[in-house]
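For reference, the chains in residue letters:
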Amino acid sequence: MRYEVLKYNRIRDLRNDKKFSQMLVAQYLNIAQNTLSQYELGERNIPNDVLVRLAMFYDTSIDYLLGLTDEPVPYPRKRIK
């Protein structure tokens, strides 16, 4: 079953634009490479914690990853203490 296409295209496109391998991003996310591949193909839903880490990794917003905005620049973030 395929989930929403837009967000999955965006995470793949962001990775490709930066010329990152799936293995590199998967290691950062602490997941298996095939899990990231399934996220990018829309074969598996992305958990919220992974969405947060992807947004931080690519310096974008979750709204952008989910296709709720076409503006990739995130809102100012809170400082985590």
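Definitions and limits used
- Residue numbering note: each chain is counted from 1, following its sequence as written.
- Note on the predicted model: pLDDT of at least 70 is required for a residue's local features to be given, and 80 or more for side-chain atom pairs to be given and counted; whole-chain, interface and lining totals, by contrast, use all residues.
- Water and hydrogen atoms were dropped before computing side-chain values, which therefore reflect all heavy atoms in the structure.
- In this description a helix means any DSSP run of H or I spanning at least four residues, a strand means any run of E spanning at least two, and both kinds are numbered starting from the N terminus.
- Relative accessible area decides the class of each residue, using a 1.4 Å probe on protein chains only: under 20% of the type maximum gives buried, over 50% gives exposed, and in between gives partly exposed.
- Whether two residues touch is decided by their heavy atoms; if any such pair falls within 4.5 Å, the residues are in contact.
- Accessible surface is estimated by sampling points in the Shrake-Rupley manner with a 1.4 Å probe; for residues, cover comes only from the protein chains shown.
- Aromatic pairs are defined between Phe, Tyr and Trp rings, using the six-membered ring for Trp, whenever the two ring centres lie within 6.5 Å; interplanar angles under 30 degrees are classed as stacked, those over 60 as edge-to-face, and all others as tilted.
- Working definition: the arc comes from the directions between the helix axis and the C-beta atoms, pointing outward to the latter.
- Identification of polar contacts relies on pairs of N or O atoms within 3.5 Å, with a donor-acceptor requirement for protein atoms, meaning one able to donate a hydrogen and the other able to accept it, and with residues adjacent in sequence counted only if both atoms are side-chain atoms.
- Side-chain atoms within 4.5 Å are what join buried Ala, Val, Leu, Ile, Met, Phe, Trp, Tyr and Cys residues into a set we call a nonpolar core.

Draft legend 1. Seen up close, the overall build of the chain. Check the secondary structure of the chain and you find five helices and zero strands. Shown N-terminal to C-terminal, the secondary structure of the chain runs as helices and strands in the order α-α-α-α-α. Expressed as a percentage of the 81 residues in the chain, the buried residues total 33%. Looking at the chain alone, contacts between residues at least 24 apart form 49% of all its contacts between residues at least 6 apart. Total accessible area on the chain stands at roughly 5,600 Å², and carbon and sulfur atoms take up 51% of it.

Draft legend 2. Representation of the packing of aromatic side chains. Scanning all chains against the criterion turns up three aromatic pairs. A ring pair is formed by F20 and F57, whose centres lie 5.4 Å apart and whose planes are at 50°; its orientation type is tilted. Taken together, the residues F20 in the loop between α1 (5-17) and α2 (22-29) and F57 in helix α4 (residues 48-58) connect sequence positions 37 residues apart. Of the residues examined, F57 reaches a relative accessible area of 22% and is grouped as partly exposed. Here the aromatic rings of F57 and Y58 are separated by 5.0 Å at their centres, their planes lie at 75°, and the arrangement is edge-to-face.

Draft legend 3. Expanded view of α2. If you check which residues of α2 are buried, you get Q22, V25, A26 and L29. The arc that holds the buried residues of α2, viewed along the axis, is 100°, so those residues lie on one side. Among the residues trailing α2, N30 stands out with phi positive, at a value near 60°.

Draft legend 4. Structural context of the side chain of Q22. Structurally, the position occupied by Q22 is in helix α2. Its relative accessible area of 17% is what places Q22 among the buried residues. At 2.3 Å, the side chain of Q22 and the side chain of Q33 are in polar contact. Within the local environment of Q22, its side chain forms a polar contact with the side chain of E40, the two groups lying 2.9 Å apart. Leave out the neighbours within four places in its chain, and Q22 touches R15, Q33, L36, S37 and E40.

Draft legend 5. Geometry of the nonpolar core. Core analysis: the biggest nonpolar cluster contains 16 residues, and I46, L54 and L65 have the highest contact counts within it. Ranked by residue count, the leading element in this core is α4, at five residues.

These figures capture arrangement, not role.
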